[in-house]
Amino acid sequence: MKIHSLGYLVVTSTDLAGWKKFGTDILGMTVGAQDSDAELWLRADERAHRVVIEAGASDEVAAIGWEVRNDVELEALVADFDAAGISYERPEGLAARRAVEDLVRVIDPAGYVLEFYWGHQVAQQLFSSPNAVGGFKTGDQGLGHVVLAAAPFEESNRFYRRTLGFGLTDFADMGGTPGHFLHTNARHHSLALIGCDKSAWFVKGGLIHLMVELNDPSDVGRAHDRAKAADIEFFETIGQHANDEMFSFYINSPAGFPIEVGSGAIEVDPATHTSVNIPFPDMWGHQVLNVPQQ
Ligand SMILES: [Fe+2]
């Protein structure tokens, strides 16, 4: 695999204080070394950050960080971009700002800003969260997964599958809209591409959702209780997905897009996995709330 894992998510926000409260009190992440009016880092493990919130005039996803294993792998990726005629840039000072060693920026076919990087800084202070006692499942599986509004779908699919080498775990026809679930390590999917554009009602802040996984299912229940007690808006009730078997619920983040908080997903072996069609999203639950009237 050319890409090791989903490394981090960058969002712009009009409400850093809201993100700080949401990220720590509800999700159970901790505050990293950046904690100013301009930038907030949220940690989910030993890394310096996994979610970067930058103060801005809007609330939306700003960049998706994809980790490669080392400098040689990043140079190989750049050579692939050259061969495929994909343009990229290395913005001055951005790698240092993201606490990584080197970084290459690409816009994907749907308009998402991607940051391919290696050498993510590790924080000196151990990760210890009072609200995510068993910790987040990251490591070799990265931050979690993102689900993108990926129109034009064929172009997006070609870019992620053929240029970046993501593997197809499974796919579904979602009422006429294609959904592809892609892996890059043992995580069932680090990325899902949905063939809709960003004007669809369930796309908020540019994203369909971010998923973070907890090691202990009890931490999911406790996060559910904290979200209820704090009157956080739910996007979907608790349930279990058919494909990754994730037991999870969805709450709306301060950026508008939901965050799926889950546990217990199955893993894939990228070397032997064969793609399957799973035409139903859930085993049980996951009722979508506040669906707009047609
Ligand atoms: Fe998900």
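This one's a predicted model, so the numbers in the text were calculated from it and none came from an experiment.

1. Considering helix α1 (residues 16-26)
Since the α-helix advances by 3.6 residues per turn, residues separated by three or four positions end up pointing in the same direction. Of the residues making up α1, those classed as buried are Leu16, Gly18, Trp19, Phe22, Gly23, Thr24 and Ile26. Gly28 sits one or two residues past α1 and shows a positive phi near 95 degrees.

2. Here's the deal with the domain arrangement of the chain
What the domain assignment reports for the chain is domain 1 (5-118) and domain 2 (139-283). Using C-alpha coordinates to define each centre, domain 1 is positioned 18 Å away from domain 2. The interface is formed by 33 residues belonging to domain 1 together with 43 residues belonging to domain 2. Regarding the contact of domain 1 and domain 2, the summed buried area is about 2,800 Å², with carbon and sulfur atoms giving 74% of it. One can count zero salt bridges joining domain 1 with domain 2. In this assembly, domain 1 and domain 2 are joined by eight residue pairs in polar contact (both at pLDDT 80 or more). Those elements that place two or more of their residues in the side of domain 1 that touches domain 2 are β1 (5-13), α1, β5 (60-67), α2 (71-84) and β7 (113-118). With six residues, β1 is the largest single contributor of residues to the side of domain 1 that touches domain 2. Among the residues making up the side of domain 1 that touches domain 2, the classes are represented as 22 nonpolar, five polar and six charged.

3. Section: the side chain of Glu115
Following the sequence through the fold, Glu115 ends up in strand β7. Given the relative accessible area of 0%, Glu115 is considered buried. Among the polar contacts made by the side chain of Glu115, one reaches the side chain of Arg105 at a distance of 3.1 Å. Once residues within four sequence positions are removed from consideration, Glu115 is found in contact with Tyr8, Val10, Ala63, Ile64, Gly65, Trp66, Leu94, Arg98, Leu103, Val104 and Arg105.

4. Notes on the sheet that holds strand β6 (residues 102-107)
Within the open sheet, the seven strands sit side by side as β2-β3-β4-β1-β5-β7-β6. Their pairing is mixed. Only two strands of the sheet have a single neighbouring strand rather than two, namely β2 (30-35) and β6. For this sheet, the mean inter-axis angle between neighbouring strands, taken without regard to orientation, is 25 degrees. Against the sheet, α1 makes contact with β1, β2, β3 (39-43) and β4 (51-55), and its axis sits at roughly 5 degrees relative to β3, the strand it touches most. Those strands touched by α2 are β6 and β7, and its axis lies near 25 degrees from that of β6.

5. Things to note about helix α5 (residues 217-229)
Here α5 is 13 residues long and its end C-alpha atoms lie 19 Å apart, about the 18 Å a rise of 1.5 Å per residue gives. A side-chain oxygen of the first residue of α5 lies 2.8 Å from the backbone nitrogen of Ser218; this N-cap is Asp216. Asp231 occupies a position one or two residues after α5 and carries a positive phi of about 60 degrees.

6. Section: the UniProt feature "domain: VOC" (unreviewed entry) in the chain
The positions that UniProt labels "domain: VOC" (unreviewed entry) are, in the present scheme, residues 5-119 and 142-264. Its end C-alpha atoms 13 Å apart, residues 5-119 is made of 25% helix and 39% strand.

7. Digging into the coordination of the iron ion
Any two of four tetrahedral donors ideally make an angle of 109.5 degrees at the metal, while pairs among six octahedral donors ideally make 90 or 180 degrees. Looking at the iron ion, the protein donor atoms are His145 (NE2), His209 (NE2) and Glu260 (OE), and they sit 2.0 to 2.2 Å from it. The sequence pattern describing where the donors of the iron ion fall on their chain is H-x63-H-x50-E. Of this pair, His145 sits in strand β8 (residues 144-149) while His209 sits in strand β12 (residues 207-213), placing them 64 residues apart in sequence. You can call His145 buried: its relative accessible area is 1%.

8. Details of the pairing of β5
Of all eight residues in β5, six are buried; the element is thus mostly enclosed. The pairing of β1 with β5 spans seven bridges and is antiparallel. Pairing of Thr12 across the sheet is with Glu60, part of β5. Looking at chain direction, β5 and β7 are connected through four bridges and run parallel. Within β7, the position partnered with Ile64 by the bridge is Leu114.

The rules behind the values
- Residues numbered from 1 in each chain as written.
- Predicted model: local features only at pLDDT ≥ 70, side-chain atom pairs only at ≥ 80, totals over all residues.
- Heavy atoms only, no water.
- Buried < 20%, exposed > 50% of the residue type's maximum accessible area, 1.4 Å probe, protein only.
- Helix = DSSP H or I, 4+ residues; strand = E, 2+ residues; numbered from the N terminus.
- Domains from an automatic or database assignment.
- Contact = heavy atoms within 4.5 Å.
- Buried area = accessible area lost by both parts, 1.4 Å probe.
- Salt bridge = Lys/Arg side-chain N within 4 Å of Asp/Glu carboxyl O.
- Polar contact = N/O pair within 3.5 Å; in protein donor to acceptor, adjacent residues only side chain to side chain.
- Nonpolar A, V, L, I, M, F, W, Y, C, P; charged D, E, K, R; others polar.
- Pairing = 2+ DSSP bridges.
- Axes fitted to C-alpha atoms, helices over the stretch in contact; angles between N-to-C directions.
- Expected span 1.5 Å × (residues − 1).
- UniProt positions renumbered as here; feature names shortened; annotations may be inferred.
- Donors = N, O, S within 2.8 Å, 3.2 Å for Na, K, Ca; no water.

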